[in-house]
Amino acid sequence: GFIFISGASSRFSHSNLKRGAICFGIGIGMTIFTVLFMKDQLIAFGILHCLGICMMAYPLFAKLLDKIPAPIGAALLAFLFILTCQISSGHLGIEGLLSFDLPDAPYQLGWLFPFGFPSNTFYSADYYPLLPWLFAFLLGSYFGRWLKNGNPPDWIRKTHLRPLAFIGRHTLWIYVLHQPVVYLTMSGIAYLLR
């Protein structure tokens, strides 16, 4: 849901490149922090890395997406998401329904993990590869176009809750700051319960 909503927000952004660069930069900062201080919780390619690249890549897809009728584009992206949702496990399709095994070669390279091809030794405490999540992001952009064109019912447009609006404007920083707060709180509780 978070990636879908971020895709919808791309329709309202003044600069997806800037927004994406900030998000990706914070993701890299989290990688460096976990490498230095929390190796057992390494974040090699988490939600912020994925969102950052999706945001920066969005302008490359925007014109093409706008040329495709929304129902067809949305259906195609939903299909591609379902098709690739098991790609990091070595399969295309839905396991148990219609699934195809992928060759081992891309998984053995070791550097294709951002695209959904992790090696056997790859580890990330938070892992959101571009496949399938780029498709969820782009699917969200169709929803954003629907919102931007004024299609929602009046009750959606007229409802405005200041606390939720504040959270919406500061989601990234709330997400980033909640992690050390939760970690320190849990560490403190664990220490007290010794």
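Above this note sits the structure.
Not measured: the values here are computed from a predicted model.

Novice: Where do I start with helix H1 (residues 2-9) in this structure?
Specialist: Residues that lie three or four places apart on an α-helix share one face, since the helix turns once every 3.6 residues. Turning to H1, its buried residues are Ile3, Ser6, Gly7 and Ala8. Elements in contact with the buried residues of H1: helix H2 (16-37), helix H3 (47-67) and helix H6 (130-148).

Novice: Even after reading the chapter, I still don't get the packing of H1 against H3, so can you show me in this structure?
Specialist: Each pair of packed helices gets described by two things: the angle between the helix axes and the distance between those axes. Between H1 and H3, whose axes approach to 11 Å, the crossing angle comes to 25°. The orientation of H1 with respect to H3, classified from their angle, is roughly parallel. H1 and H3 meet at a crossing whose hand is right-handed. Between H1, through Phe2, Ile3 and Ser6, and H3, the contact on the second element is made entirely by Ile47, Leu51 and Met55. The class makeup of the residues in the contact of H1 with H3 is five nonpolar, one polar and no charged.

Novice: Got a minute to help me understand unusual backbone geometry in this structure?
Specialist: A negative phi angle is the norm for most residues apart from glycine, just as the trans form is the norm for most peptide bonds. Cis geometry marks the peptide bond from Leu131 to Pro132, where omega comes out at 15°. Assignment of secondary structure puts Pro132 in helix H6.

Novice: Looking at this structure, I do not really get H3. What am I missing?
Specialist: Its 21 residues place the ends of H3 29 Å apart at the C-alpha level, agreeing with the 30 Å of an ideal helix rising 1.5 Å per residue. Among the residues of H3, those classed as buried are Ile47, Leu48, His49, Cys50, Leu51, Gly52, Cys54, Met55, Ala57, Tyr58, Ala62 and Leu65. Summarising the contacts, the buried residues of H3 are in contact with H1, H2, helix H4 (70-84), H6 and helix H9 (171-192).

Novice: What is the right way to look at the pattern of salt bridges in this model?
Specialist: Opposite charge on two side chains allows them to pair when their charged atoms are near. Counted under the stated rule, the structure contains two salt bridges. Residue Asp66 is joined to Arg145 by a salt bridge in which the shortest nitrogen-to-oxygen separation is 3.3 Å. Residue Asp66 is found in helix H3, and its partner Arg145 is found in helix H6; the two are separated by 79 residues along the sequence. Here Asp66 falls in the partly exposed class, since its relative accessible area comes to 41%. Here the residues in one salt-bridge network are Arg11, Asp66 and Arg145, joined through shared partners.

Novice: Is there a simple way to think about a nonpolar patch on the surface in this case?
Specialist: There is a patch of nonpolar side chains on the surface, built from Ile28, Ile32, Phe33, Val35, Leu36 and Phe37 and spanning about 590 Å² of accessible area. Within the element layout of this structure, Phe33 appears in helix H2.

Novice: Looking at this structure, I do not really get the pairing of strand S2 (residues 98-101). What am I missing?
Specialist: Consecutive residues of a regular strand have side chains that alternate between opposite faces of the sheet. Of the pairings in the sheet, the one linking strand S1 (residues 91-94) to S2 comprises four bridges and is antiparallel in character. Residue pairing for S2: Ile94 is matched across the bridge by Leu98. Between S1 and S2, which pair antiparallel and follow one another directly, the connecting turn spans three residues, one of which, Gly96, has a positive phi of 90°.

Novice: Explanation requested: the environment of Ala8 in the structure shown.
Specialist: Inspection of the secondary structure puts Ala8 in helix H1. According to the relative accessible area criterion, Ala8 is buried, its value standing at 6%. Along the sequence, Ala8 and Phe137 sit 129 residues apart, while their C-alpha atoms lie 7.6 Å from each other. With near-sequence residues (within four places) excluded, Ala8 lies in contact with Gly140, Ser141, Phe143 and Gly144.

Novice: Before we go on, may I ask you to explain the state of the cysteines in this structure?
Specialist: As used in these notes, a disulfide is a covalent bond between sulfur atoms, one from each of two cysteines. One pass over the full model with this rule turns up zero disulfides. The closest cysteine sulfur to the non-disulfide-bonded Cys23 is located on Cys50, 9.2 Å from its own sulfur. Summary of cysteine pairing: Cys50 is not part of a disulfide, and the nearest cysteine sulfur, belonging to Cys54, is at 4.1 Å. Of the residues examined, Cys50 reaches a relative accessible area of 0% and is grouped as buried.

Reading the values: the criteria
Residues numbered from 1 in each chain as written. Predicted model: local features only at pLDDT ≥ 70, side-chain atom pairs only at ≥ 80, totals over all residues. Heavy atoms only, no water. Buried < 20%, exposed > 50% of the residue type's maximum accessible area, 1.4 Å probe, protein only. Helix = DSSP H or I, 4+ residues; strand = E, 2+ residues; numbered from the N terminus. Contact = heavy atoms within 4.5 Å. Axes fitted to C-alpha atoms, helices over the stretch in contact; angles between N-to-C directions. Parallel < 35°, antiparallel > 145°, perpendicular 65-115°, else oblique. Left-handed = near helix turned anticlockwise from the far one by under 90°. Nonpolar A, V, L, I, M, F, W, Y, C, P; charged D, E, K, R; others polar. Expected span 1.5 Å × (residues − 1). Salt bridge = Lys/Arg side-chain N within 4 Å of Asp/Glu carboxyl O. Patch = residues over 30% accessible without salt bridge, like charges linked within 9 Å, V, L, I, M, F, W, Y side chains within 5 Å. Areas by Shrake-Rupley, 256 points an atom, 1.4 Å probe, with all protein chains shown as cover. Pairing = 2+ DSSP bridges. Disulfide = S-S within 2.5 Å.

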